[in-house]
Amino acid sequence: DIVPISEKIRRVADLIRKRKNVTVRPTNLKKREQELALVKVVYNDAWERNWGFVPWTDQELDHLWDDLKTAANPEMVFFAFVDGELAGFSLTLPDLNQALRRINGRLFPFGLLKLLWYARKIDMVRVLALGVRKKFHNMGLDAVLLHETSSRGTKQGFHRGEFSWILENNLPMRNALENWGARIYKTYRLFDKAL
């Protein structure tokens, strides 16, 4: 369940916004090429050192954009800038699984109508990606992005949230989320063996 943003996160976010001249703006779905270029810059920089990282290709970004246009609320996909320079982004989508669960895998004859009906009642989001370029690490931008995600989600009627996979050694993100009051509810492990 969504934990209200702690006063500490709120204070840090407000302080960082003022001290570092941080601005945040939602994505503009009408400016496909410009927005995709921004996403690519942040993603390829922020995730570069993560285990299993592979840079996004233009084709993958085009596919992502097509999916975003149908599923995303533009207010929940936004960019952060420090003194006008691109610093980070957050990509949050409604959890469509809430609606899909209700149709039991059957779209026809009435499943599609049920899907549309239950989609209006979604109250949970999934934060698929939230990243800050390396140049802007350790300045509290994660608090700004978390605060912004929570505030925007609440205004849009979402009352619960889930963060996508976060690497176990991504301590800055884990610490920020734990300070917020989030809890780990699943752990995935990968094992390999030379053959």
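In what follows, the accompanying structure is described. Since this is a predicted model, take the numbers as computed values, not measurements.

Definitions and limits used
Numbers given to residues run from 1 along each chain, matching the order in which its sequence is written. This being a predicted model, a pLDDT of at least 70 is required before a residue's local features are given, and a value of 80 or more before pairs of side-chain atoms are given or counted; all residues contribute to the totals for chains, interfaces and linings. No hydrogens and no water enter the side-chain calculation; it runs on all heavy atoms of the structure. Stacked, tilted and edge-to-face are the three classes applied to pairs of Phe, Tyr and Trp rings, where Trp contributes its six-membered ring and a pair requires centres within 6.5 Å; stacked means planes under 30 degrees apart, edge-to-face means over 60, and tilted covers the rest. Secondary structure counts use DSSP, requiring at least four H or I residues in a row for a helix and at least two E residues in a row for a strand, with both numbered from the N terminus. Only protein chains enter the accessibility calculation, which uses a 1.4 Å probe; a residue whose area is less than 20% of its type maximum is buried, one above 50% is exposed, and one in between is partly exposed. Lysine NZ or arginine CZ positioned within 6 Å of the ring centre and within 35 degrees of the ring normal marks a charge as sitting over the ring. In the sections that follow, a salt bridge refers to a side-chain nitrogen of Lys or Arg positioned within 4 Å of a carboxyl oxygen of Asp or Glu.

### Some thoughts on the packing of aromatic side chains
Here comes step 1: With the rule as written, the count across this model stands at five aromatic pairs.
Here comes step 2: Judged by centre distance (5.8 Å) and plane angle (35°), the ring pair of Tyr43 and Phe53 falls under tilted. On the criterion of sequence distance, the pair formed by Tyr43 in helix H2 (residues 32-46) and Phe53 in the loop between H2 and helix H3 (58-71) is long-range, its members being 10 residues apart.
Here comes step 3: Judged by relative accessible area, Tyr43 falls into the buried class, the value being 14%.
Here comes step 4: Directly above the aromatic system of Phe78 lies the positively charged group of Arg152, at a separation of 4.8 Å from the ring centroid.

### Quick word on the pattern of salt bridges
Here comes step 1: With the rule as written, the count across this model stands at 15 salt bridges.
Here comes step 2: Glu85 is the partner of Arg133 in a salt bridge, and the nearest nitrogen-oxygen pair spans 3.7 Å. One end of the pair, Arg133, is in the loop between strand E4 (124-132) and helix H6 (141-155); the other, Glu85, is in strand E3 (residues 85-94), and 48 residues separate them in sequence.
Here comes step 3: Take Glu85: its relative accessible area is 30%, and that puts it in the partly exposed class.

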